[in-house]
Amino acid sequence: MELSRRTVIAGAAAAGLTAATVGGTAHATGGRKPVKSLFGKLADGTKIYSWALANGRTRMKVLSYGGIVQSLEIPDRHGRYKNVSLGFDNIEDYVASSPYFGALIGRYGNRIGKGQFTLDGKKYQVNVNDGANSLHGGAQGFDKRVWDIEPFTKGSDVGLYLYYTSVDGEMGYPGTLKVKVTYTLTKQGDWRIDYEATTDKTTVVNLTSHVYWNLAGEGSGTIEDHELQIAASRYTPTDSGLIPTGELAKVSGTPFDFRKAKPIGRDIRAAHPQLITAKGFDHNWVLDKGITAQPAHIATLRDPSSGRTLRMATNEPGLQFYSGNFLDGTLTGPGGRTYRQGDALCLETQHFPDSPNHASFPTTVLKPGQTYRTTTVHSFGC
Ligand code: BGC
């Protein structure tokens, strides 16, 4: 599979959907090429584009900055569309203050303790941006990079190829990492993410997507009434810096038991030390299925008020469920509403946090000649 930079196909906009079809009330169905429009400019003049895609009953907009899902619209049980992902309506806010809204995360999703690890006997120090630790690839992670985007249509699928090359030493990580992410919208309206990467030096990789979901619509208030099911009997407790202790603790008899669907709010204020430390849920669940060759079901999220559902499948071994604990009312979404604690949740498929420092966790090491490949599928319903 070729992972080199590609040129965005000129004239794609002319051939595809109109903005009105994607953003308006028309019932979008698939097969047409994604449409590109200017979203804004970075301070240095770099143009940031928004790509509009629609298939089945799903419509989404993706930015060339961070591969960000800027909006994702799906219908409720009455056919009413809402944007169910938090974000901004301008590039300046994404650059200045986004807590990874909708972004691609790399090179390493979640935390690495003190930003340190050893590979082949050599010590590495990566960028530290979260107290004493490194979070989501460091201060200038993949969420803050400009990606080359190429649209495609393949049979009844539509989608985007996103390319980014991270140079040797970027944020302290060894090796030039060539990354290709494919966003596909299927004719059923499923959003599939395929991640691929190669390196020229031994390195660590853990890529994910950081959409903040609120199935009642962004800006509509708390997700505590959403029901969540996670197919995991264990999770990884953390220290006060949210670094796993190494224990794979049983969820049974704790607030972390989501094996049967339950409202997120039911136990979120339980006096459990792990919930107190993280100010809610912000943990990695150890998925019962383990690493699988093909994506397998791991979680279902349902908003009883609208009927909208999200089902997720992945071949990854872990899922970070983050209940939006650090949203504090200082950010305003595209609908003009501020985002407060618990107004959205993230479900980030991943290898476990701080794996480079835990020999007992599945490895995140990528060597020259190997290709990193993972897939996550989001299926929407109502
Ligand atoms: C982490 C949180 C962090 C958030 C960033 C999540 O993936 O688990 O601890 O605060 O990303 O907004």
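All figures in this text were calculated on a predicted structure; none of them were measured in a lab. (Residues numbered from 1 in each chain as written. Predicted model: local features only at pLDDT ≥ 70, side-chain atom pairs only at ≥ 80, totals over all residues. Heavy atoms only, no water.)

Undergrad: Explain the overall build of the chain here, please?
TA: Along the chain, the regular secondary structure elements total four helices and 29 strands. A compact globule built from 382 residues should have a C-alpha radius of gyration of about 21 Å, and the chain, at 20 Å, falls within 12% of that. The proportion of buried residues among the 382 residues of the chain is 58%. Considering only residue pairs separated by 6 or more positions, the chain has 66% of its internal contacts joining residues 24 or more positions apart. If the 42 positive side-chain charges of the chain are averaged to one point and the 35 negative ones to another, these points end up 4 Å apart. (Helix = DSSP H or I, 4+ residues; strand = E, 2+ residues; numbered from the N terminus. Rg over C-alpha atoms; globule rule 2.2 N^0.38 Å. Buried < 20%, exposed > 50% of the residue type's maximum accessible area, 1.4 Å probe, protein only. Contact = heavy atoms within 4.5 Å. Lys, Arg positive; Asp, Glu negative; His and termini not counted. Charge placed at Lys NZ, Arg CZ, Asp CG, Glu CD.)

Undergrad: Teacher, can you tell me more about the sheet that holds strand 27 (residues 346–350) here?
TA: Pairing is antiparallel in the open sheet, where five strands are placed in the order 19-18-21-24-27. Edge positions in the sheet fall to strand 19 (249–250) and strand 27, since each of these pairs with one other strand and no more. By the bridge criterion, four bridges tie strand 18 (residues 232–236) to strand 21 (residues 282–287) in an arrangement that is antiparallel. Each bridged residue has a counterpart across the sheet, and for Arg234 the counterpart in strand 21 is Val286. (Pairing = 2+ DSSP bridges.)

Undergrad: Is there a simple way to think about the site of the ligand in this case?
TA: Around the ligand, 13 residues are found, and the nearest of them are Arg111, His210, Tyr212, Asp282 and Glu348. For the ligand, an oxygen atom lies 3.3 Å from a polar atom in the side chain of Gln320. Out of a free accessible area of 310 Å², the ligand has 94% covered by protein chains. Per-class residue counts for the shell around the ligand are six nonpolar, four polar and three charged. (Near = heavy atom within 4 Å. Polar contact = N/O pair within 3.5 Å; in protein donor to acceptor, adjacent residues only side chain to side chain. Areas by Shrake-Rupley, 256 points an atom, 1.4 Å probe, with all protein chains shown as cover. Nonpolar A, V, L, I, M, F, W, Y, C, P; charged D, E, K, R; others polar.)

Undergrad: How do you make sense of the pairing of strand 23 (residues 309–314) when you look at a structure like this?
TA: Moving residue by residue along a regular strand, the side chains alternate between the two faces of the sheet. Of all six residues in strand 23, five are buried; the element is thus mostly enclosed. Relative to strand 23, strand 22 (residues 296–302) runs antiparallel, the two being bridged by six bridges. Bridge pairing in strand 23 places Leu301 opposite Leu310. Hairpin connection from strand 22 to strand 23: six residues lie between these consecutive antiparallel strands, with Gly307 at a positive phi of about 85°. With six bridges connecting them, strand 23 and strand 29 (residues 372–381) associate as antiparallel partners. Bridge pairing in strand 29 links Ala313 to Val377.

Undergrad: Explanation requested: the sheet that holds strand 23 in the structure shown.
TA: To summarise the sheet geometry, strands pair through backbone hydrogen bonds and adopt either a parallel or an antiparallel arrangement. Strand order in the open sheet made by the nine strands is 11-12-13-14-29-23-22-17-20, with antiparallel pairing throughout. The sheet is open, and its two borders are formed by strand 11 (148–154) and strand 20 (262–263), each paired with just one other strand. Looking at chain direction, strand 13 (residues 177–185) and strand 14 (residues 191–199) are connected through nine bridges and run antiparallel. Looking at strand 14, one finds that Thr182 is bridged to Asp194.

Undergrad: I keep staring at the pairing of strand 2 (residues 47–55) and nothing clicks. Help me out?
TA: Summarising burial for strand 2: seven of the nine residues are buried, a large majority. Note: strand 1 (residues 35–41) against strand 2, six bridges, orientation antiparallel. Of the residues in strand 2, the one forming a bridge with Lys36 is Trp51. Between strand 1 and strand 2, which pair antiparallel one after the other, the connecting turn spans five residues, and Gly45 there sits at a positive phi close to 95°. In this sheet, strand 3 (residues 58–63) lies alongside strand 2 in antiparallel orientation, the contact comprising six bridges. Bridging across to strand 3, Asn55 finds its partner in Thr58. Between strand 2 and strand 3, which pair antiparallel in sequence order, lie two residues; one of them, Gly56, sits at a positive phi of approximately 55°.

Undergrad: Whenever I open this one, unusual backbone geometry confuses me. Can you help?
TA: Negative phi is the rule for most residues except glycine; trans is the rule for most peptide bonds. In this model, Gly106 is joined to Arg107 through a cis peptide bond whose omega is -5°. Mapping Arg107 onto the fold places it in the loop between strand 6 (103–105) and strand 7 (111–112). One non-glycine residue with positive phi stands out, namely Tyr100, at about 70°. Here Tyr100 shows up in the loop between helix 3 (91–97) and strand 6. If you check the backbone angles, Leu242 has positive phi at about 65° while not being a glycine. Its location among the elements puts Leu242 in the loop between strand 18 and strand 19.

Undergrad: What is the right way to read the packing of aromatic side chains from this model?
TA: Here the distance between the centres and the angle between the planes together describe a pair of aromatic rings. With the rule as written, the count across this model stands at 26 aromatic pairs. Ring geometry for Phe101 against Tyr212: centres 4.8 Å apart, planes inclined by 85°, an arrangement best described as edge-to-face. Here Phe101 is found in the loop between helix 3 and strand 6, whereas its partner Tyr212 is found in the loop between strand 16 (208–210) and strand 17 (227–230), with 111 residues between them in sequence. Centroid distance Phe142 to Tyr164: 5.2 Å. Interplanar angle 65°. Geometry classified as edge-to-face. Here Phe142 is found in the loop between strand 10 (134–135) and strand 11, whereas its partner Tyr164 is found in strand 12 (residues 157–166), with 22 residues between them in sequence. The exposure class assigned to Phe142 is buried, which follows from its relative accessible area of 2%. Aromatic ring contacts, followed pair by pair, group Phe39, Phe88, Tyr94, Phe101, Tyr212, Tyr322, Phe326 and Tyr339 into a single cluster. One cation-aromatic arrangement involves Lys36 over Tyr49; the distance from NZ or CZ to the ring centre is 4.1 Å. Sitting over the ring of Tyr161, Lys180 keeps its end group 4.5 Å from the ring centre. (Phe/Tyr/Trp six-rings, centres within 6.5 Å; stacked < 30°, edge-to-face > 60°. Lys NZ or Arg CZ within 6 Å of the ring centre and 35° of its normal.)

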